[in-house]
Amino acid sequence: MNTFIKHTFIYFLSKGLPGILSFLAILYYSKNLSPEDYGIYSLIISVVGIVNIVCFDWFRFGMSRFLPEYIASGERDVFLLFVKNKMRIAILIFSVICFLWYLAIPLLPNMGIDREFILYIGVLVVLQYVFTLLTQIFITELKPKNYMWANFIRSFFAVVVSVLFVYLGFGYLSLIIGAIASFLFSTSYSLLKINFPKNSASLTIDKVLLIKITQYSLPLSASAGLSFFLSYSNRFIINHYRSVEETGLFSLGFDFSQQTIGVFISIAATSAFPIAMKLFTEHGNTEKLHLHMNKSLLMIFFIALPIVIIFCSTSVDLSNLILGEKFSRLDNMFLPIVSVNAFVLGIKSYYFDLFFYLKKETKLQMLILLAVTTINISLNLIFVPQYGYIAAVWCSSVTSTIAVVGTYFATKKIIYIPIDFVPIFKIILAALFMFITMQLYGNVVDVFWLAIKVGSGVLIFLCVVIIINKRIFINILKSLGIIS
């Protein structure tokens with residue numbers, strides 16, 4: 001438990017601080033970029049995510065599964081050398097493909113794609129691939145401090161460089177430049193910390209190991225791809241049937257709420273996966289694993305549920321006082337629905353999906369996501385052309401519910417880990433008191449009273465948690481070394 005709490009605290013610094021920077025940056029973008037600019041940037045980043053998942057991200061899953069075995073047998077350098085060569089080969093092949101595609105664009109005038117976009121996408125895909133692979137090594141080796149600094153460096157340079165170029169008037173290109181700069185600096189730091197073993201110029205790799213990783217990873221990669229489509233396909237549908245302006249409006253509101261909550265959920269869950277894998281590998285499905293999984297779920301509720309309450313209670317305030325005038329047209333229900341969806345999907349992704357990984361039953365996970373993604377795309381195609389971006393949000397709420405309910409019943413058949421509902425209900429009760437307190441303020445008139453409203457709600461939440469969960473709260477403080 002001590003290890004889990006301490007790692008969670010470090011991951012809070014590694015993701016919470018960058019999350020705050022990103023949050024402030026989005027506020028700046030909402031005031032200084034047009035919806036069209038943010039829409040173009042959003043579509044480019046969405047394409048980068050799709051390409052990364054299809055071409056590269058599968059290897060990360062297998063690496064995190066097999067690296068601990070090589071470390072245990074004293075062959076860490078052997079495995080990292082394999083990772084290094086695999087990474088170099090993949091980048092070389094992808095770079096050639098991007099160069100050929102760049103040359104072919106003028107021959108395909110009806111594609112409607114600017115030639116420069118190929119360069120932006122190609123560079124971002126490679127940098128994101130290397131960064132996520134290196135930081136996954138930090139997570140797998142239980143080195144949260146390195147992970148913290150890598151993420152902080154990335155977020156810091158992304159915000160500083162992007163804001164500088166937005167100020168200079170570069171439009172959407174500002175965010176692309178910021179993203180490239182952030183990956184360059186954070187990847188350089190990560191490479192220094194991992195210290196890959198040196199090898200000859202040969203690019204030979206262990207084919208047997210590559211096949212094993214591929215067989216394990218492809219279902220996970222398919223699941224990750226379907227999860228990405230579940231979250232981002234509506235942006236392409238909105239852009240096609242409505243406009244790039246409406247895509248930007250939807251994307252900024254989506255990023256503003258969902259990514260904020262996603263950061264806080266991942267804070268609680270990032271440290272849970274390697275510890276759960278270690279417990280299950282060494283002891284099996286025992287009381288130790290049950291205790292760890294319940295603490296992990298409780299931490300998700302404790303950290304993320306108050307953020308959901310804040311978005312639900314201040315959606316009108318945030319639109320009127322915080323977001324820029326061009327983005328204040330967001331529907332009042334947009335932020336509450338997106339925040340609840342993010343919370344529900346976060347529990348699915350960071351808690352229930354872990355059961356699939358423990359039992360290596362990733363094909364079932366993929367089938368559930370395939371069904372849910374198909375439903376989501378179908379609903380968006382039916383309702384978005386007529387009702388616009390708000391329809392996409394309601395469609396996501398339906399599919400999110402289907403996803404988490406289906407996953408819950410599927411995982412019960414794979415591995416039984418009882419959920420201790422009593423502490424969770426106590427957290428929900430504290431969140432209810434927080435919601436009631438914030439509702440008493442109504443819609444506030446300035447940022448000062450918005451801060452008072454949020455601060456009062458958080459204070460009430462913490463007080464109720466301490467009163468009804470005194471023992472748990474004291475154990476957390478002892479684990480962090482705050483009290484003896």
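Residues numbered from 1 in each chain as written. Predicted model: local features only at pLDDT ≥ 70, side-chain atom pairs only at ≥ 80, totals over all residues. Heavy atoms only, no water.

On to the pattern of salt bridges, then. In total, this model carries seven salt bridges according to the counting rule given. In this structure, lysine 453 and aspartate 317 form a salt bridge, with 2.8 Å as the shortest nitrogen-oxygen distance. Separated by 136 residues along the polypeptide, lysine 453 in helix H17 (residues 447-468) and aspartate 317 in helix H12 (residues 315-322) bring together distant segments of the chain. Here lysine 453 and aspartate 317 have matching classes, each one buried. Each of Arg76, Asp77, Glu141 and Lys143 takes part in salt bridges that share partners, so that together they form one network. (Salt bridge = Lys/Arg side-chain N within 4 Å of Asp/Glu carboxyl O. Helix = DSSP H or I, 4+ residues; strand = E, 2+ residues; numbered from the N terminus. Buried < 20%, exposed > 50% of the residue type's maximum accessible area, 1.4 Å probe, protein only.)

This paragraph deals with the nonpolar core. Counting residues in each nonpolar core, the largest one holds 131 residues, and the members touching the most others are Phe79, Phe334, Phe343 and Tyr351. Among all residues touching phenylalanine 334, those that are not within four sequence positions of it are Phe250, Gly253, Phe254, Tyr389, Ile390 and Val393. (Core = buried A, V, L, I, M, F, W, Y, C linked by side-chain atoms within 4.5 Å. Contact = heavy atoms within 4.5 Å.)

Turning next to the state of the cysteines. Taken as a whole and assessed by the stated rule, the structure comprises zero disulfides. Here cysteine 98 is not cross-linked by a disulfide; its sulfur's nearest cysteine counterpart is in cysteine 55, at 8.6 Å. Take cysteine 98: its relative accessible area is 17%, and that puts it in the buried class. (Disulfide = S-S within 2.5 Å.)

With that out of the way, let us pick up the side chain of threonine 247. Structurally, threonine 247 can be placed in helix H9 (residues 244-270). A polar contact is formed between the side chain of threonine 247 and the backbone oxygen of serine 243, at a distance of 2.9 Å. In this view, threonine 247 contacts Gly39, Leu43, Arg235, Ile238 and Asn239; residues no more than four positions away in its chain are not counted. (Polar contact = N/O pair within 3.5 Å; in protein donor to acceptor, adjacent residues only side chain to side chain.)

Turning to the packing of aromatic side chains, a few remarks are in order. Think of a pair of aromatic rings as described by two things: how far the centres are apart, and how the planes are tilted against each other in angle. This structure, assessed with the given rule, holds 25 aromatic pairs. Geometrically, the ring pair formed by phenylalanine 352 and tyrosine 408 is edge-to-face, given 5.6 Å between the ring centres and 75° between the ring planes. Pair noted here: phenylalanine 352 is in helix H13 (residues 334-359) and tyrosine 408 is in helix H15 (residues 389-414), with a separation of 56 residues, a long-range link. When its relative accessible area of 8% is taken as the criterion, phenylalanine 352 is described as buried. Judged by relative accessible area, tyrosine 408 falls into the partly exposed class, the value being 26%. Arranged with centres 6.0 Å apart and planes meeting at 25°, the rings of phenylalanine 421 and phenylalanine 425 form a pair that is stacked. Here phenylalanine 421 and its partner phenylalanine 425 are both found in helix H16 (residues 421-439), four residues apart, which amounts to about one turn of the helix. Here phenylalanine 421 falls in the partly exposed class, since its relative accessible area comes to 41%. Sitting over the face of the ring of phenylalanine 59, lysine 86 holds its NZ or CZ atom 4.7 Å from the ring centroid. (Phe/Tyr/Trp six-rings, centres within 6.5 Å; stacked < 30°, edge-to-face > 60°. Lys NZ or Arg CZ within 6 Å of the ring centre and 35° of its normal.)

Keep in mind these numbers describe shape, not what the thing actually does.
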